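One-letter residues, chain by chain:
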Amino acid sequence: MRSKPEKKRGRAARPARTPTGDPWLFTPGPLTTSPGVKHAMLHDHGSRDQGFIELTRRIRDRLVSLARGGRTHVCVPIQGSGTFAVEAMVGTLLPQKGRLLNLVNGAYGRRITRICEVLGRSAAVLEISEDQPIDPGAVDHALAANPDITHVALVHCETTSGIMNPVAEIAAVAARRRRPLLLDAMSTLGAMPIDAGGWPVDAVAASSNKCLEGVPGASFCIVRRSVLAACAGNAHSLSLDLHAQWQGFEGNGQWRFTPPVHCLLALDRAVAELDREGGVRARGRRYRENCRILVNGMRKMGFQTYLRDAVQGPIIVTFHAPAGTGFDFGRFYDGLRRRGYVIYPGKVTKTDTFRIGCIGRIGPAQMRGLLAAVRALIQQG
Ligand SMILES: *Cc1c(COP(=O)(O)O)cnc(C)c1O
């Protein structure tokens, strides 16, 4: 009868904790941030403070160069989560009489359709299965067949499943067909190469709290300067008007409305830590390694990925709920949470799944810790 006390001892084992005492997050954001990023927030600044104005300027410049738009684009930060930036991007860049071709293979693409509905902007939707990448040939066909379409919207990594869309190819098609591309790069900027100037992309939306490893509260659009300059009066909204927000920054360097000061302090530090890590390539490499360890370990335990490897991105992995085993996500989640690991429910519509993120201040040790916790849970039954 050795098994009982063994089990008890297992359960009493101390849960895993981050350096600041929190569970590790394997989520699509908000994510586990570094102690340095959290510590950077221990200051107050008035919004007219010269130091804060310089910090805003520094972050705007760094984000433009991260998206490789240094010569052609400007960065316009917006208060709020990533959706605020996407809504501001659509509302400001798509003229009231424009028509968007929205390329959809997941919930974030569908959200752009919903934004168009709410804003009363016209949208055509090219929607395909959530386990397939958008096909550049189909985009070309849709643009050729629909001369009324003025703009194209695409999600780079559909965080719904973790799938990568072929953005460079789709950007080339849109450029050849002379339609500006609006890119939701929320879950890729900072970890995957973005070449706004070269692909080309007219607007890139992203946020502070995903692959940049900052805290939530600010988002931004990196927009072609010449395009943005022609967008005065397009926006449906006072606060989500990228043109007016940009004019504010150009005028006196200040935010139009109360800035998310502490979020910006954290983001400034997060961007410095990204540089110290070795930039986008190094961060992408760490996430790919996290992803590789995760997928290999989960497959060894019999779990199956929702996506085939060729289209799987390194950001987040969707796993099938094991069939016929009475798998209960709530219990699985709670068991991992008790051990110090937070995962995420599935978001694809037609299949029973769960998701595990590979991004944030986590590395191989945390991935292996999570895998050990999954193993212990399964063995416990
Ligand atoms: C996270 C995310 C968003 C924005 O979601 P918020 O909850 O508003 O931050 C948009 N698009 C994609 C692809 C995302 O991953």
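Rules behind the numbers
Each chain carries its own residue numbering, running from 1 in the written order of its sequence. Local features in this predicted model are restricted to residues of pLDDT 70 or higher, and side-chain atom pairs are both shown and tallied only at a pLDDT of 80 or more, whereas totals for entire chains, interfaces and linings draw on every residue. Side-chain descriptors were evaluated using all non-hydrogen atoms of the structure, hydrogens and water having been removed beforehand. Convention adopted: a line fitted to C-alpha atoms gives each axis, helices being fitted over their contacting stretch, and angles between N-to-C directions are expressed from 0 to 180 degrees. Going along the chain from the N terminus, every DSSP run of H or I of four or more residues is numbered as a helix, and every run of E of two or more is numbered as a strand. An angle counts as roughly parallel when it lies under 35 degrees, as roughly antiparallel when it exceeds 145, as roughly perpendicular when it falls between 65 and 115, and as oblique in every other case. Here is the rule for handedness: rotate from the far helix to the near one, and if that takes an anticlockwise turn smaller than a right angle the crossing is left-handed, while a clockwise turn gives right-handed. Here, two residues are considered to be in contact whenever any of their heavy atoms come within 4.5 Å of each other. Whether a residue is buried, partly exposed or exposed follows from its accessible area with a 1.4 Å probe, protein chains only, as a fraction of its type maximum: under 20%, in between, or over 50%, in that order. Pairing between strands is defined by DSSP: at least two bridges between the two strands are required. Planes of paired rings set the category: under 30 degrees apart is stacked, over 60 is edge-to-face and the rest tilted, where pairs are Phe, Tyr or Trp rings (Trp by its six-membered ring) whose centres lie within 6.5 Å. Charges are assigned to positions over rings by a cutoff of 6 Å between ring centre and Lys NZ or Arg CZ, combined with an angular limit of 35 degrees from the ring normal. Salt-bridge detection follows one rule: a side-chain nitrogen of Lys or Arg within 4 Å of a carboxyl oxygen of Asp or Glu. Near residues are defined by distance, with any heavy atom within 4 Å of the molecule or strand qualifying the residue. Nitrogen and oxygen atoms within 3.5 Å of one another constitute a polar contact, given that in protein one can donate a hydrogen and the other can accept it, and given that sequence-neighbouring residues count only through two side-chain atoms. Here the accessible surface of atoms and residues is derived via Shrake-Rupley with a 1.4 Å probe, and residues count as covered only by protein chains that are part of the display. Charged means Asp, Glu, Lys or Arg here, nonpolar means Ala, Val, Leu, Ile, Met, Phe, Trp, Tyr, Cys or Pro, and polar covers whatever is left, Gly included. An automatic or database domain assignment supplies the residue ranges for each domain. By buried area we mean how much accessible surface two parts lose on assembly, using a 1.4 Å probe and totalling the loss over both.

A word on the packing of helix α3 (residues 50-66) against helix α9 (residues 242-252). Viewed as axis vectors pointing N to C, α3 and α9 meet at an angle of 125°, and their least axial separation amounts to 11 Å. In terms of their interaxial angle, α3 and α9 are classed as oblique. Handedness of the α3/α9 crossing: left-handed. Of α9, the residues touching α3 (which contributes Ile53, Thr56, Arg57 and Arg60) are Trp246, Phe249, Glu250 and Asn252.

A two-sided burial pattern is seen for strand β8 (residues 181-184), the buried positions comprising Leu181 and Leu183 on one face and Leu182 and Asp184 on the other. The pairing of strand β5 (residues 151-155) with β8 spans four bridges and is parallel. In the sheet register, Val155 faces β8, and the bridge partner there is Asp184. One ladder, built from three bridges, connects β8 with strand β9 (residues 203-207); its direction is parallel. Across the sheet, residue Leu183 finds its bridge partner in β9, namely Val204.

Okay, the packing of aromatic side chains next. On inspection of all chains with the given rule, the structure shows ten aromatic pairs. With centroids separated by 6.0 Å and ring planes inclined at 45°, the aromatic side chains of Phe329 and Tyr333 adopt a geometry described as tilted. With Phe329 and Tyr333 both in helix α12 (residues 329-338) and four residues apart, the pair spans about one turn of that helix. Classification of Tyr333 by relative accessible area gives partly exposed; the value is 25%. Members of the aromatic cluster, joined through ring pairs, are Phe303, Phe319, Phe327, Phe329, Phe332, Tyr333 and Phe354. Between Lys210 and the ring centre of Tyr108, over which it is positioned, the NZ or CZ distance is 5.5 Å.

Bringing the pattern of salt bridges into the picture now. Enumeration according to the criterion identifies 21 salt bridges in this entry. Here Glu117 ties to Arg114 by a salt bridge, and the two come within 2.9 Å at their closest N and O atoms. With Glu117 and Arg114 both in helix α5 (residues 107-119) and three residues apart, the pair spans about one turn of that helix. Note on Arg114: relative accessible area 49%, which makes it partly exposed. Among the salt bridges present, the one from Asp309 reaches Arg299, with a minimum N-O distance of 2.7 Å. Taken together, the residues Asp309 in the loop between α11 (279-300) and β11 (316-320) and Arg299 in helix α11 connect sequence positions ten residues apart.

Regular strands have side chains that alternate between both faces of the sheet. Among the five residues in strand β14 (residues 353-357), five count as buried, and that is most of the element. Direction of pairing for β11 relative to β14: antiparallel, over a ladder of five bridges. Each bridged residue has a counterpart across the sheet, and for Thr318 the counterpart in β14 is Arg355. In the sheet, strand β13 (residues 344-345) pairs with β14 via two bridges, with the strands oriented antiparallel. Within β14, the position partnered with Tyr344 by the bridge is Arg355.

Within the element layout of this structure, Thr188 appears in the loop between β8 and β9. Once residues within four sequence positions are removed from consideration, Thr188 is found in contact with His156, Cys157, Met164, Ile194 and Cys211.

This part takes up the sheet that holds β14. Across the sheet, three strands lie side by side as β11-β14-β13; this open sheet has antiparallel pairing. For this open sheet the edge positions go to β11 and β13, each flanked by a neighbour on one side alone.

This brings us to the sheet that holds strand β3 (residues 99-104). Strand order in this open sheet of seven strands is β2-β10-β9-β8-β5-β3-β4, and the pairing throughout is mixed. Strands with a single pairing partner mark the edges of an open sheet, and in this sheet they are β2 (73-79) and β4 (122-127). With direction set aside, neighbouring strand axes in the sheet form an average angle of 20°. Here β9 runs beside strand β10 (residues 218-224); their pairing, made up of five bridges, is antiparallel. The residue of β10 that forms the bridge with Ala205 is Cys221.

Time to look at the site of the ligand. For the ligand, the full set of nearby residues is Ser81, Gly82, Thr83, Tyr108, Arg111, Val155, Cys157, Thr159, Asp184, Met186, Ser187 and Lys210. Contacts to the ligand include Arg111, whose side-chain N or O atom sits 3.5 Å from an oxygen atom. One nitrogen or oxygen atom from the side chain of Thr159 is found 2.4 Å from an oxygen atom belonging to the ligand. The fraction of the free accessible surface of the ligand (380 Å²) that becomes covered by protein chains is 86%. Secondary structure elements with two or more residues in the shell around the ligand: α4 (82-93) and α5. For the shell around the ligand, the per-class residue count stands at four nonpolar, five polar and three charged.

A few words now on the domain arrangement of the chain. Structurally, the chain comprises domain 1 (24-34 + 280-380) and domain 2 (36-275). Distance between the C-alpha centres of domain 1 and domain 2: 27 Å. At the interface, 30 residues of domain 1 touch 34 residues of domain 2. The contact between domain 1 and domain 2 buries some 2500 Å² in all, and 55% of this surface belongs to carbon and sulfur atoms.

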